[in-house]
Amino acid sequence: MKLLNVVLLSISSIVVSANCEELSGDSTQSYEWLRDDSRTRSQVIQYLEQQNVESQQALLALQPLADKLLQEWQANRPQRAEQPWTIKAGSEFQVSSFEGQRWLVTRKKGDQSVRKLLNLSQRESHHQYYDLGNWALSPDGTLIALAEDVVGDEQYQISVVNLATGESHLVAKQSDTGILWSTDNQSVYVIKKALSDSRPAKLVKHVIRSAQSSETYIESDVAWLVSAYLASDERYAVIQVNSESATEQRILDLSTGELSKPLATRKDGNEYYADIAGGELYINSNHQGKFSLYKAKLAQVALPEQSKWQQVYESDEQANLENFYLFEAGIALVEQSKGRQSIVVLNHQGKEIHREPLSAEGSVGWVSRVGDYNSNVVRIRSMSMVQPAKWEELNLVSMSRIQLSQDVYPNYRQSEYKTERIFVDSNGAKVPVTLAYKPQLLTKESPVILYGYGAYAFTMKPYFMPQTVSLLERGVIYAIAHVRGSGYYGAQWHEQGRGTNKMNGIKDFVASAKYLSQFNGGQRNVAVIGSSAGGTLVAGAINQQPDLFTAASLNVPFVDVVASMSDTSLPLTAQQYQEWGNPNVANELTKMAQYDPINNISHADYPATLVRIGWQDRRVPYWEGAKYHAKLKAMSSGTGPYLLDTDFTSGHATDRRKSSQRQAMDYAFLIHQLQQSE
């Protein structure tokens, strides 16, 4: 740690601007004064407020375009497909709108008579920011437990509401979203976060009537996180602790409160994920090299060796087993091969009885809703960049697949748009890029807006969004680069772009932007969007070749990587060394320093950039984007503008009530810059 501080301080000297005057200087400056963990220092608040004023003034001329985009989205507001209801013990549940109010409602399966359970809009109205992270109904249906974030800092408070009287009791603060009920309706189990680093660290039992709490499990290793989920046999729950590359699970008996020993001893690289049905454990595990499905008797919950687990199913050499779901009629698996997913159905002995693509060619699908064990239905959500979303249901008894519903946009004709997948060479790697455009409006100068994320093995799905249709209608090509570091081709693709390999993903993004700038023989301006970990990717790519990009939109960007990964007081730092690199290891620090966005800003013509940050953000603290913006503004020889917008009433995620206005202005900013550069 001392070595790291020397490295950072040799690059920058500390400058404190007590008057919040405009920062000036070069790469020898430091902007550490912008960090305020207490979020109370007037100096910092005044500076950020002044940046907001400057940004608002600069964006004022774009308000008509932002308003026009909003009007288009509202005029083309879809007839939303009814979402499948959540099936639980013969009843169905859904969050629905009644007379302008959001309610949690229920009905008996197959019955159209709806009963209102809880007015969510009423709870939301008391707060400037509101996110319902989870809800869980007590087994007898009289109480409901809610996980609510009312600040934006992802510190959820757990409340229990009596559905008959409306009486609400706060039972826990600083919690994660996990909620489990005891079978006697008397207690809830929640995941508490550590005060030091906001790490989900404890499983705590709260007895409702006595208001007494007791710790069921404590994880002391800062590299491991606690989570929980209800098993298919709802008498049990699975309590999980995981690091970046390993898991350890225990079984919680929700009737007795007894917590088992680990199903298998924790070991680096050893992952397993269990579920329970019919007195048996089913486990998706990679302990023999690749993920396969195993089973064991529940009575033998703490087996001494994973080698004694009985293998039920193994994917072929080219495929990866991603997930499984247990039902009375069989086992549904999701399997990936060469970027395409399939759903595979087995009987309980592991024999394959059905297989089909998860979605049609050119679209992306995922298992979005699953009924309980007795429901025997899997709900599949699918769409493409030009196909509106639809819901389908696969019945595991009949193996019939039916379309339940699809969004309908009154002013949209799918035949007028085109989507395709191209492959871009990046130092020998073939990087998939999904794009969409309106052929009728495509010219040699049509600009590109390129989106990227590229981390945590997460595959950014090519969603259909009416907002991007507004871009296509303005002759824009909208694209997503599936760079290394994502999960597009499974674990190996992720491995090639994480940790000390992070630069691979950044180079993939640069290569994708270069290719698209000349797509179909054109000469095209390229604007880019990156959020959170995508901010690392996009900002890192801009550092590599600033003149390739016309404009950038960065939302809550993770751009101060070395500094943040050196500070274990920040949430999740110790758990993510494998994703970003460990600065306490000399050779890893060297690799991190090569891609770290803020430390690689140079004297160059940087593209116009809009940076948005959340004051209450604990995942990527506000000061990362603030420091990045200040340094970019000071060092760039470009004309900008370089704008910083701080939302003082949100955190890492935007309150849904603001999201459309913010997205409209982001798009207006990019469109304007692309037009200015034509």
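Conventions adopted
Residues numbered from 1 in each chain as written. Predicted model: local features only at pLDDT ≥ 70, side-chain atom pairs only at ≥ 80, totals over all residues. Heavy atoms only, no water. Helix = DSSP H or I, 4+ residues; strand = E, 2+ residues; numbered from the N terminus. Rg over C-alpha atoms; globule rule 2.2 N^0.38 Å. Buried < 20%, exposed > 50% of the residue type's maximum accessible area, 1.4 Å probe, protein only. Contact = heavy atoms within 4.5 Å. Lys, Arg positive; Asp, Glu negative; His and termini not counted. Charge placed at Lys NZ, Arg CZ, Asp CG, Glu CD. UniProt positions renumbered as here; feature names shortened; annotations may be inferred. Pairing = 2+ DSSP bridges. Axes fitted to C-alpha atoms, helices over the stretch in contact; angles between N-to-C directions. Phe/Tyr/Trp six-rings, centres within 6.5 Å; stacked < 30°, edge-to-face > 60°. Salt bridge = Lys/Arg side-chain N within 4 Å of Asp/Glu carboxyl O. Parallel < 35°, antiparallel > 145°, perpendicular 65-115°, else oblique. Left-handed = near helix turned anticlockwise from the far one by under 90°. Nonpolar A, V, L, I, M, F, W, Y, C, P; charged D, E, K, R; others polar. Right-handed = clockwise from strand over helix to strand, strands pointing away. Polar contact = N/O pair within 3.5 Å; in protein donor to acceptor, adjacent residues only side chain to side chain. Expected span 1.5 Å × (residues − 1). Core = buried A, V, L, I, M, F, W, Y, C linked by side-chain atoms within 4.5 Å.

An unreviewed UniProt entry annotates the protein as Protease II originating from Vibrio sinaloensis DSM 21326.

**Q** Explanation requested: the overall build of the protein in the structure shown.
**A** Within the protein, the secondary structure is distributed over 13 helices and 36 strands. The C-alpha atoms of the protein give 25 Å as radius of gyration, which agrees with the globular expectation for 678 residues (26 Å, within 12%). By its C-alpha atoms, the protein is 70 × 60 × 55 Å across when sized along the principal axes. Within the protein, buried positions represent 57% of all 678 residues. Long-range contacts, defined as pairs at least 24 residues apart, comprise 55% of the intrachain contacts of the protein with a sequence gap of at least 6. Side-chain charges in the protein split into 65 positive and 73 negative, and the spacing between the mean points of these groups amounts to 3 Å.

**Q** Sorry if this is basic, but what is going on with the UniProt feature "domain: Peptidase S9 prolyl oligopeptidase catalytic" (unreviewed entry) in the protein here?
**A** This chain's UniProt record puts "domain: Peptidase S9 prolyl oligopeptidase catalytic" (unreviewed entry) on residues 464-675. For the annotated span residues 464-675, helix accounts for 44% and strand for 14% of the residues, and the straight-line distance between the end C-alpha atoms is 24 Å.

**Q** Is there a simple way to think about the sheet that holds strand β29 (residues 418-426) in this case?
**A** If you trace the eight strands from one edge of the open sheet to the other, you get β29-β30-β32-β31-β33-β34-β35-β36, paired in mixed fashion. Both outer strands of the open sheet, β29 and β36 (642-647), are each paired with one neighbouring strand and no more. Neighbour-to-neighbour, the strand axes of this sheet turn through a mean angle of 20°, independent of strand direction. Note that strand β35 (residues 608-614) and β36 share six bridges and pair parallel. Its bridge partner being in β36, Thr609 is matched across the sheet by Tyr642. On top of the sheet, helix α7 (residues 502-517) reaches β29, β30 (429-437), β31 (448-452), β32 (477-481) and β33 (526-531); it is set at about 125° to β29, its chief contact.

**Q** When you look at the packing of aromatic side chains in this model, what are you seeing that I'm missing?
**A** Centre-to-centre distance and the angle between the planes together describe a pair of aromatic rings. Tallied over the full model, the rule gives 19 aromatic pairs. Here the aromatic rings of Tyr453 and Phe458 are separated by 5.9 Å at their centres, their planes lie at 75°, and the arrangement is edge-to-face. Residue Tyr453 is classed as buried on the basis of its relative accessible area of 16%. Ring geometry for Tyr622 against Trp623: centres 5.3 Å apart, planes inclined by 80°, an arrangement best described as edge-to-face.

**Q** Would you explain the sheet that holds strand β3 (residues 86-88) in this entry?
**A** Strand pairing in a sheet relies on backbone hydrogen bonds, with the paired strands running either antiparallel or parallel. Within the open sheet, the four strands sit side by side as β3-β4-β5-β6. Their pairing is antiparallel. Looking along the sheet, the strands with just one partner apiece sit at the ends: β3 and β6 (115-119). Strand-to-strand twist across the sheet, computed as the mean angle between neighbouring axes with direction ignored, equals 35°. Bridge count between strand β5 (residues 101-108) and β6: four bridges; the pairing is antiparallel. Residue pairing in the sheet places Trp103 in a bridge with Asn119 of β6.

**Q** Explain the pattern of salt bridges here, please?
**A** Oppositely charged side chains can pair when the atoms bearing their charge come close. Considering all chains together, one arrives at 36 salt bridges under this definition. The residue Arg199 makes a salt bridge to Asp197 at a minimum N-O spacing of 3.9 Å. Among the residues examined, Asp197 registers a relative accessible area of 6% and is labelled buried. Two residues, Glu356 and Arg401, come together in a salt bridge whose shortest N-O distance is 2.6 Å. Here Arg401 lies in strand β28 (residues 401-406) and Glu356 lies in strand β24 (residues 352-357), a separation of 45 residues in the sequence. Since its relative accessible area comes to 15%, Glu356 is described here as buried.

**Q** Please explain the packing of helix α2 (residues 42-59) against helix α12 (residues 622-635) as it appears in this structure.
**A** Each pair of packed helices gets described by two things: the angle between the helix axes and the distance between those axes. Following both chains from N to C, one finds α2 and α12 inclined at 60°, their axes separated by 12 Å at the closest point. In terms of axis orientation, α2 runs oblique to α12. In the crossing of α2 with α12, the sense of the turn from one axis to the other is left-handed. Side by side, α2 and α12 meet where Val44, Tyr47, Leu48, Gln51 and Glu54 of the first sit next to Tyr622, Ala626, His629, Ala630 and Lys633 of the second. The residue inventory of the contact of α2 with α12, partitioned by class, reads six nonpolar, two polar and two charged.

**Q** What should I look at first to understand unusual backbone geometry in this one?
**A** The general pattern is negative phi for most residues beyond glycine and trans for most peptide bonds. Look at the link from Gly640 to Pro641: it is a cis peptide, with omega at 5°. One can find Pro641 in the loop between α12 and β36. At Ser198, a position not held by glycine, the phi torsion is positive, near 60°. Structurally, Ser198 can be placed in the loop between β11 (187-193) and β12 (200-207). In this structure, Tyr456 is a non-glycine residue whose phi angle is positive, near 60°. When its relative accessible area of 34% is taken as the criterion, Tyr456 is described as partly exposed.

**Q** Would you take a moment to explain the pairing of β31 for this structure?
**A** For a regular strand, side chains alternate in direction, first toward one face of the sheet and then toward the other. Burial of β31 is extensive: five of the five residues sit out of reach of the surface. Neither face of β31 is open: one carries Val448, Leu450 and Gly452, the other Ile449 and Tyr451, and all of them are buried. Where β31 meets β32, five bridges bridge the pair, whose relative direction is parallel. Each bridged residue has a counterpart across the sheet, and for Leu450 the counterpart in β32 is Ala479. Of the crossover connections in this fold, the one passing from β31 over helix α5 (residues 466-472) to the parallel β32 is right-handed.

**Q** Help me understand the pairing of strand β22 (residues 330-337) in this model?
**A** By the criterion of burial, β22 is predominantly enclosed, with seven of the eight residues buried. Bridge count between strand β21 (residues 319-327) and β22: eight bridges; the pairing is antiparallel. Considered in β22, the bridge of Asn323 is made with Val334. Here β21 folds back onto β22 in antiparallel fashion, the turn holding two residues. Pairing of β22 with strand β23 (residues 340-346), which is carried by seven bridges, proceeds in the antiparallel orientation. By the bridge assignment, Gln336 is partnered in β23 with Gln341. Two successive antiparallel strands, β22 and β23, enclose a turn made up of two residues, where Lys338 displays a positive phi of approximately 55°.

**Q** When you look at the side chain of Asp153 in this model, what are you seeing that I'm missing?
**A** If you trace the backbone, Asp153 turns up in the loop between β8 (143-149) and β9 (156-162). Buried charge Asp153 goes without a salt bridge, the closest partner of opposite sign being Arg618 at 4.7 Å. A distance of 3.0 Å separates a polar side-chain atom of Asp153 from the backbone nitrogen of Gln155. Residues contacting Asp153, with those up to four places away along its chain left out, are Gln616 and Arg618.

**Q** I keep staring at α2 and nothing clicks. Help me out?
**A** An α-helix turns once per 3.6 residues; consequently, residues spaced three or four apart project the same way. Between its first and last C-alpha atoms α2 spans 25 Å; for 18 residues at 1.5 Å apiece the expected length is 26 Å, and the two agree. Taken as a whole, α2 has its buried residues at Gln43, Val44, Tyr47, Leu48, Gln51, Asn52, Ser55 and Leu59. Taken together, the buried residues of α2 touch α3 (63-75), β35, α12, β36 and α13 (656-676).

**Q** In this structure, what is going on with the nonpolar core? I would like to understand it.
**A** Buried together is how nonpolar side chains tend to be arranged in soluble globular proteins. Ranked by size, the top nonpolar core spans 109 residues in total, and within it Leu450 and Phe509 carry the most contacts. In this structure, Leu450 is in contact with Ala479, Ile480, Ala481, Phe509, Ser512, Ala513, Leu516, Val526, Ala527, Val528 and Ile529, ignoring residues within four places of it in sequence. In this structure, Ala231, Tyr236, Ala274 and Leu281 belong to the second largest nonpolar core, which totals 15 residues.

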